[in-house]
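# Examination of the molecular architecture
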Amino acid sequence: MEKRYAKEIINWAEEAKETLTVRKEIIMDDDTTDEQLGMIIRMMYRAKVETQNETILKTKQNSGL
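These lines cover the structure that appears in this document, whether it is placed above or below. (Residues numbered from 1 in each chain as written. Predicted model: local features only at pLDDT ≥ 70, side-chain atom pairs only at ≥ 80, totals over all residues. Heavy atoms only, no water.)

Here we come to the pattern of salt bridges. Using the criterion set out here, one finds three salt bridges in the structure. Across the pair E2 and R4 runs a salt bridge whose closest N-O atoms are separated by 3.2 Å. Overall, E2 belongs to the partly exposed group, its relative accessible area being 43%. Residue R23 pairs with E25 through a salt bridge whose shortest N-O separation is 3.3 Å. Residue classification places R23 among the exposed residues on the basis of a relative accessible area of 57%. For E25, a relative accessible area of 42% puts it in the partly exposed group. (Salt bridge = Lys/Arg side-chain N within 4 Å of Asp/Glu carboxyl O. Buried < 20%, exposed > 50% of the residue type's maximum accessible area, 1.4 Å probe, protein only.)

Have a look at this one:
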């Protein structure tokens, strides 16, 4: 993998950790309390960050960065 592509992938992964898209159905579900919604969103965000961190680590390993 070329280093310039690897750096771009890493930058995209870092940027991706800054936002989270939540489907309106999750937010508008009347059966979900605000506390439960907060827990769901935190779990979603943690999973996203973990995935992006894995991408960064694997990209660095494969590119020699």
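There is more to say, and it comes next.
What follows deals with the packing of helix 1 (residues 3-16) against helix 3 (residues 34-63). The contact between helix 1 and helix 3 brings their axes to 9 Å, and the two run at 170 degrees. Taken together, the axes of helix 1 and helix 3 are roughly antiparallel relative to one another. As helix 1 packs across helix 3, the resulting crossing turns out to be left-handed. Contact residues: K3, A6, I9, I10, A13, E14 and A16 in helix 1; K48, Q52, T55, I56, T59, K60 and S63 in helix 3. Classifying every residue of the contact of helix 1 with helix 3 by side-chain character gives six nonpolar, four polar and four charged. (Axes fitted to C-alpha atoms, helices over the stretch in contact; angles between N-to-C directions. Helix = DSSP H or I, 4+ residues; strand = E, 2+ residues; numbered from the N terminus. Parallel < 35°, antiparallel > 145°, perpendicular 65-115°, else oblique. Left-handed = near helix turned anticlockwise from the far one by under 90°. Contact = heavy atoms within 4.5 Å. Nonpolar A, V, L, I, M, F, W, Y, C, P; charged D, E, K, R; others polar.)

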